[in-house]
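# Observations on the three-dimensional arrangement
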Amino acid sequence: MGTPSAPAASLRSDDIRAAFSQAMSVMYRAEVPQYGTLLELVAEVNGETLGADPALRARLTASDDLDRINVERHGAIRVGTAGELGFIRRLFAVMGMVPVGYYDLSVAGVPVHSTAFRPVGETALANNPFRVFTSLLRLELIDDESLRREAEAILARRRIHSPEVLGLIERFELNGGLDEDEATRFVREAVRIFQWHSEATVDAETYRRLSAAHRLIADIVAFRGPHINHLTPRTLDIDEVQRRMPARGIAAKAVIEGPPPRACPILLRQTSFKALEEPILFGSGDGKVAGTHTARFGEIEQRGLALTRQGRALYDELLAAARRDGVSDDGAKSYDERLADAFATFPDDYDTLRLQGLGFFKYALSPAVRRDLPVDAATMPIEDLVRLGIVEAYPMIYEDFLPVSAAGIFQSNLGGDEQRLYEANTARAAFIAALGAPVADEFEIYEQAQQTSIAAVRAALRQRTPAPAS
Ligand code: OOG
Ligand code: NI
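Computed from a prediction, not measured in an experiment: that's the story for all the values here.

## Quick notes on the site of ligand 1
- Surveying the vicinity of ligand 1 reveals the residues His74, Ala76, Arg78, Phe133, Asn229, His230, Gln270, Glu299, Phe401, Ala406 and Phe410.
- In this structure, Gln270 approaches ligand 1 through a side-chain N or O atom, which is 2.6 Å from an oxygen atom.
- Within the complex, 100% of the 320 Å² of free accessible area of ligand 1 lies under protein.
- Within the residue set of the shell around ligand 1, elements represented by two or more residues are β1 (73–79) and α17 (403–412).
- Ranked by residues supplied to the shell around ligand 1, first place goes to β1 with 3 residues.
- A per-class count over the shell around ligand 1 returns 5 nonpolar, 4 polar and 2 charged.

Quick look at the structure:
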């Protein structure tokens with residue numbers, strides 16, 4: 001095979017991803033107007049937060065994070081079959097989004113396992129960090145064998161994409177790019193895959209049985225495609241947005257998932273508004289019956305420092321301690337109080353977080369770096385350079401998701417305490433086979449970005465210091 005060459009006016013994957021993210025947002029805003037209200041509220045609070053905190057603004061500017069915040073969001077979809085997941089991987093690859101991480105949600109009573117498709121490179125993330133939390137239904141967790149067979153047969157009959165979008169993916173795979181016209185058509189067809197269908201593909205009785213097995217199963221199996229079930233803008237102050245939601249007529253979930261509020265935010269905090277009950281039609285032809293389906297919602301997130309494995313282990317341990325008695329507010333202390341108590345021992349200043357190896361940082365020459373550097377600057381330990389003010393350390397933003405939080409988000413939108421007990425077997429190998437590619441390890445991605453920034457600092461220092469005499 002010859003060397004593939006991109007078309008003359010090739011659009012970069014980053015641009016296609018940005019256009020797709022924007023088009024999804026426009027579509028979802030039209031489908032779920034409360035999401036639009038949420039966007040307005042988030043923009044308002046972000047503006048106020050930046051205005052009141054010049055240090056935050058400076059830090060976000062220095063780490064390339066400021067520009068992306070207003071366009072930043074994630075979405076979530078749920079697919080039914082291995083073939084659909086493999087297709088979705090190829091679709092997202094066109095937009096520079098690759099699978100990162102494996103989330104087994106069966107341990108939390110949700111019959112899916114998931115990954116996050118997202119950009120990985122530093123420039124790509126700065127350009128547009130759009131991510132999609134993607135779940136695959138685990139039909140093998142349906143006990144009732146005849147229902148399982150039926151669900152399989154229903155899913156086998158559907159095709160979630162148009163021939164046109166498949167053709168464009170193949171073109172991209174062959175040429176390594178799409179021209180402008182192709183990219184426009186690609187975005188249009190890609191968005192269509194995730195649109196809402198108000199007509200179920202099954203009759204009311206089948207829907208009821210699927211739903212009785214698990215409401216998520218009905219949401220995935222009973223429709224023509226994997227509708228986007230939420231989009232999530234990024235806020236700089238999730239507590240404030242949460243406080244202002246009721247005044248805008250938004251019913252927020254009771255508890256914010258993730259770590260407690262902190263001076264130095266870590267990982268990810270999330271909350272959502274309750275899913276809407278939407279009218280749908282069951283059956284076909286003359287026999288259509290009206291009903292409702294509850295699946296789609298809005299969510300907000302606040303992102304903080306990416307933690308190392310060690311930092312993450314500490315997070316998991318403290319979260320488990322806070323949740324030992326559940327997340328309800330009854331008892332002597334509210335959940336928020338128990339959470340704050342549990343996290344009191346988690347260092348809350350960037351220097352300590354860095355010196356104890358709990359978080360990932362990006363290093364850069366200090367803007368105020370002087371000319372008279374120590375001769376051995378290029379080989380000094382990075383911490384010495386930070387201490388001398390030659391190098392600055394910027395917290396790296398967490399780009400991924402949290403399984404316990406994700407389970408909480410799923411549950412809050414299924415209504416009540418929709419939980420089944422599933423065996424905690426890991427189906428990771430099956431997931432990767434369905435995906436047709438390995439999932440990247442999030443910790444390795446952050447580690448590598450940190451190392452790259454250190455290498456760049458050393459290279460810059462070598463240029464500024466005379467070569468040691470030999
Ligand atoms: C995905 C829920 C997980 C998050 O932000 O943790 C999620 C879903 O409901 O399909 O989106
Ligand atoms: Ni989400």
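## Notes on helix α13 (residues 309–323)
- The terminal C-alpha atoms of α13 lie 21 Å apart, and with 15 residues this matches the ideal 21 Å at 1.5 Å per residue to within 8%.
- When we look at burial in α13, the residues that qualify are Gly311, Arg312, Tyr315, Leu318, Leu319 and Ala322. An end-on view of α13 places all buried positions within 130 degrees of arc, on one side of the element.

## With respect to the pairing of strand β7 (residues 277–282)
- Only one face of β7 is covered, namely the face carrying Glu278, Ile280 and Phe282; the face carrying Glu277, Pro279 and Leu281 is uncovered.
- In this structure, β7 lies alongside strand β8 (residues 289–294), joined through 6 bridges in antiparallel fashion. When the bridges of β8 are listed, Leu281 appears paired with Ala290.
- In this structure, the hairpin formed by β7 and β8 is closed by a connection of 6 residues, where Gly283 is found at a positive phi of approximately 80 degrees.

About the thresholds
Residues numbered from 1 in each chain as written. Chains lettered and ligands numbered in written order. Predicted model: local features only at pLDDT ≥ 70, side-chain atom pairs only at ≥ 80, totals over all residues. Heavy atoms only, no water. Near = heavy atom within 4 Å. Polar contact = N/O pair within 3.5 Å; in protein donor to acceptor, adjacent residues only side chain to side chain. Areas by Shrake-Rupley, 256 points an atom, 1.4 Å probe, with all protein chains shown as cover. Helix = DSSP H or I, 4+ residues; strand = E, 2+ residues; numbered from the N terminus. Nonpolar A, V, L, I, M, F, W, Y, C, P; charged D, E, K, R; others polar. Expected span 1.5 Å × (residues − 1). Buried < 20%, exposed > 50% of the residue type's maximum accessible area, 1.4 Å probe, protein only. Arc of directions from axis to C-beta. Pairing = 2+ DSSP bridges.

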